[in-house]
Amino acid sequence: MTVRAAIYARYSSQMQSEASIEDQMRLCRERAGREGWRVEREFADHAMSGASMVRPGLQDLLEEARRGAFDVLVTEALDRLSRDQADVAALYKQLVFAGVRIITLAEGEVNELHVGLKGTMNQLFLKDLANKTRRGLRGRVEQGRSGGGLCYGYDVVRRLGPDGERVTGERTINATEAEVVRRIFRAFADGQSPKAIARALNEDGVPGVRGALWRDTAIRGHVLRGTGFLNNELYIGQLVWNRMRYVKDPQTGRRVSRMNPREEWVCHAVPELRIIDDDLWARVKERQGVIRASERVQMIQASRFWEHRRSAHLLSGLLVCGSCGGKLVSVGRDYVACGAARKLQTCTQRKSWRREVLEEAVIDVLRHRLMEPDA
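Residues numbered from 1 in each chain as written. Predicted model: local features only at pLDDT ≥ 70, side-chain atom pairs only at ≥ 80, totals over all residues. Heavy atoms only, no water.

(A) Highlighting the overall build of the protein chain. Looking only at helices and strands, the protein chain has 12 helices and 14 strands in total. Computed over C-alpha atoms, the radius of gyration of the protein chain comes to 27 Å, more than 25% over the 21 Å expected from 2.2 N^0.38 for 375 residues, which places it beyond the range of a compact globule. Once the C-alpha set of the protein chain is aligned to its principal axes, its extents read approximately 80 × 70 × 40 Å. Counted over contacts in the protein chain with a minimum sequence separation of 6, partners at least 24 positions apart contribute 57%. Per element, the accessible surface of the protein chain, about 22,900 Å² overall, is 52% carbon and sulfur. Once the 62 positive and 49 negative side-chain charges of the protein chain are each reduced to a mean point, those two points are 4 Å apart. (Helix = DSSP H or I, 4+ residues; strand = E, 2+ residues; numbered from the N terminus. Rg over C-alpha atoms; globule rule 2.2 N^0.38 Å. Contact = heavy atoms within 4.5 Å. Areas by Shrake-Rupley, 256 points an atom, 1.4 Å probe, with all protein chains shown as cover. Lys, Arg positive; Asp, Glu negative; His and termini not counted. Charge placed at Lys NZ, Arg CZ, Asp CG, Glu CD.)

Here it is, written out as structure tokens:
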């Protein structure tokens, strides 16, 4: 009886080569050929972390295993399937239940001992890698260099160091964008709302971050978290790092931000990157304080609205405006409207539609086409 095999390959970072997948596949095919197994399916995940189960290739693999589509799974190493200890154990249980043996080029046939030892080692590897990465980033910050991405108002400095290696983390002020930053700060300090500022910038054709349209949320940000234009301390020549940490939700695989204690923040003065003077910064902070102390904002904060996520509906994320192609967003409890028209005012279609009516119309069309497929 011919053994049916499947192959799984994965690489975890955009920095790695796409050829890594083909290299893994080739080695696994050679192993299957030597064993006389017939390769039925090949699964792959490109640039996806092994710390998450939310991977399309892996989910397809599990679905096919439950259907009994193959007898053996071949992969380069156990950490290609997952680096999370709990996920490795769960995958092993599911595949064994489906009657599938796991064969890796590194460990051979996987059993409970491999799952326990390798799962623990892979988990420790991830933790060690995170610690080393953070240590390297902290060293860069303490030298006055960036420990993260590029923010608006600055350009990346590209040069080689004395040792011939590329220097990373250096920034310089972008004069054009810096003037836009000053415009935003002055407008807010003079009483304009973030929504009005965003609207004016879009009307004047000023390109936003990465060329996108300006949004009030990007300007307003979050005071305590230091996000948004009005809270970015780099604009006053103060580099702040480690304000937040990110953890993965084990259910969704998505990263969730958490505030670090203030004593863990790393701050470094970089006066050469200052765009906003102290007086303008103080005026902005004073106005933010007045807004936060207002009765309306106090009532909103007391409601803790952020803890009540808006429910997903049948057509959530699927509706687009016929005029501009932008997303339709919730307006009130039961209606949807063009987000570009309501929030950015870059679209003239301001009509709203009752969500229930749209859902019924879509269901009627689907029902008609399913009952009369030739229609």
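(B) Local environment of the nonpolar core. The biggest cluster of nonpolar side chains holds 32 residues, and the ones touching the most others in it are Ile184, Phe185, Trp214, Tyr235 and Ile276. Only α6 (175-189), α7 (194-203), β8 (238-241) and α9 (278-293) provide two or more residues apiece to this core. At eight residues, α6 tops the list of elements feeding residues into this core. Phe70, Leu91, Leu95 and Val115 belong to the second-largest nonpolar core, a separate cluster that totals 21 residues. (Core = buried A, V, L, I, M, F, W, Y, C linked by side-chain atoms within 4.5 Å. Buried < 20%, exposed > 50% of the residue type's maximum accessible area, 1.4 Å probe, protein only.)

(C) Up close: the packing of helix α2 (residues 56-66) against helix α4 (residues 85-97). One way to put it is that α2 packs onto α4 with a least axis distance of 9 Å and a crossing angle of 30°. Accordingly, the angle class assigned to the pair α2 and α4 is roughly parallel. Helix-helix and strand crossings are classified by hand; for α2 and α4 the assignment is left-handed. Contact residues: α2 offers Leu58, Leu61, Leu62, Ala65 and Arg66, while α4 offers Leu91, Gln94 and Leu95. (Axes fitted to C-alpha atoms, helices over the stretch in contact; angles between N-to-C directions. Parallel < 35°, antiparallel > 145°, perpendicular 65-115°, else oblique. Left-handed = near helix turned anticlockwise from the far one by under 90°.)

(D) Inspection of the environment of Glu177 at higher detail. Positionally, Glu177 belongs in helix α6. Separated by 23 residues in sequence, Glu177 and Tyr154 place their C-alpha atoms 7.4 Å apart. With sequence-adjacent residues up to four places away left out, Glu177 is seen in contact with Tyr152, Gly153 and Tyr154. There is a polar contact of 2.8 Å between the side chain of Glu177 and the backbone nitrogen of Gly153. (Polar contact = N/O pair within 3.5 Å; in protein donor to acceptor, adjacent residues only side chain to side chain.)

(E) Just the pattern of salt bridges, in detail. One pass over the full model with this rule turns up 23 salt bridges. One salt bridge in this structure joins Asp79 and Arg83, with 3.5 Å as the shortest N-O distance. Of the two residues, Asp79 and Arg83, neither departs from the other in class, the shared state being buried. Through salt bridges with shared partners, a single network forms among Glu22, Arg29 and Glu42. (Salt bridge = Lys/Arg side-chain N within 4 Å of Asp/Glu carboxyl O.)

(F) Summary view of α2. Along α2, the residues that are buried comprise Gly57, Leu58, Leu61, Leu62, Glu64 and Ala65. On an axial view of α2, the arc spanned by its buried residues comes to 165°, and they lie on one face. The outward face of α2, more than 90 degrees from its buried face, is lined by the exposed residues Pro56 and Arg66. Next to the buried residues of α2 lie β1 (4-10), β2 (38-45), β3 (72-75), α3 (78-81) and α4. Where α2 terminates, the next one or two residues include Gly68, which has phi positive at roughly 75°. (Arc of directions from axis to C-beta.)

(G) Expanded view of the sheet that holds strand β5 (residues 108-109). Pairing within the open sheet is mixed, and its five strands lie in the order β2-β1-β3-β4-β5. On the outer flanks of this sheet lie β2 and β5, each paired with one strand and no other. As paired strands, β1 and β3 are joined by four bridges and run parallel to one another. The residue of β3 that forms the bridge with Ile7 is Val74. (Pairing = 2+ DSSP bridges.)

(H) Focus on the sheet that holds strand β14 (residues 352-354). Spatially, β12-β13-β14 is the arrangement adopted by the three strands of the open sheet, whose pairing is antiparallel. The open sheet terminates on both sides in strands that have one partner only, identified here as β12 (328-331) and β14. In this sheet, adjacent strand axes meet at a mean angle of 35° when their direction is disregarded. Examined bridge by bridge, β12 and strand β13 (residues 335-338) share four bridges and lie antiparallel to one another.

(I) Expanded view of the side chain of Arg243. Note on placement: Arg243 falls in the loop between β8 and β9 (244-248). Within polar-contact distance, the side chain of Arg243 engages the backbone oxygen of Arg225 at 3.4 Å. Looking at Arg243, its side chain comes within polar contact range of the side chain of Glu233, at 2.8 Å. Those residues in contact with Arg243 that sit more than four places away from it in its chain are Leu224, Arg225, Gly226, Glu233, Arg258, Met259, Asn260 and Trp265.

(J) Highlighting the packing of α6 against α9. Here α6 crosses α9 at 45°, and the two axes come no closer than 9 Å. With respect to each other, α6 and α9 are oriented oblique. Between α6 and α9 the crossing geometry is left-handed. Contacts from Arg182, Phe185, Arg186, Phe188 and Ala189 in α6 reach Leu280, Trp281, Arg283, Val284, Arg287, Gln288 and Ile291 in α9. Its residues placed into classes, the contact of α6 with α9 shows seven nonpolar, one polar and four charged. (Nonpolar A, V, L, I, M, F, W, Y, C, P; charged D, E, K, R; others polar.)

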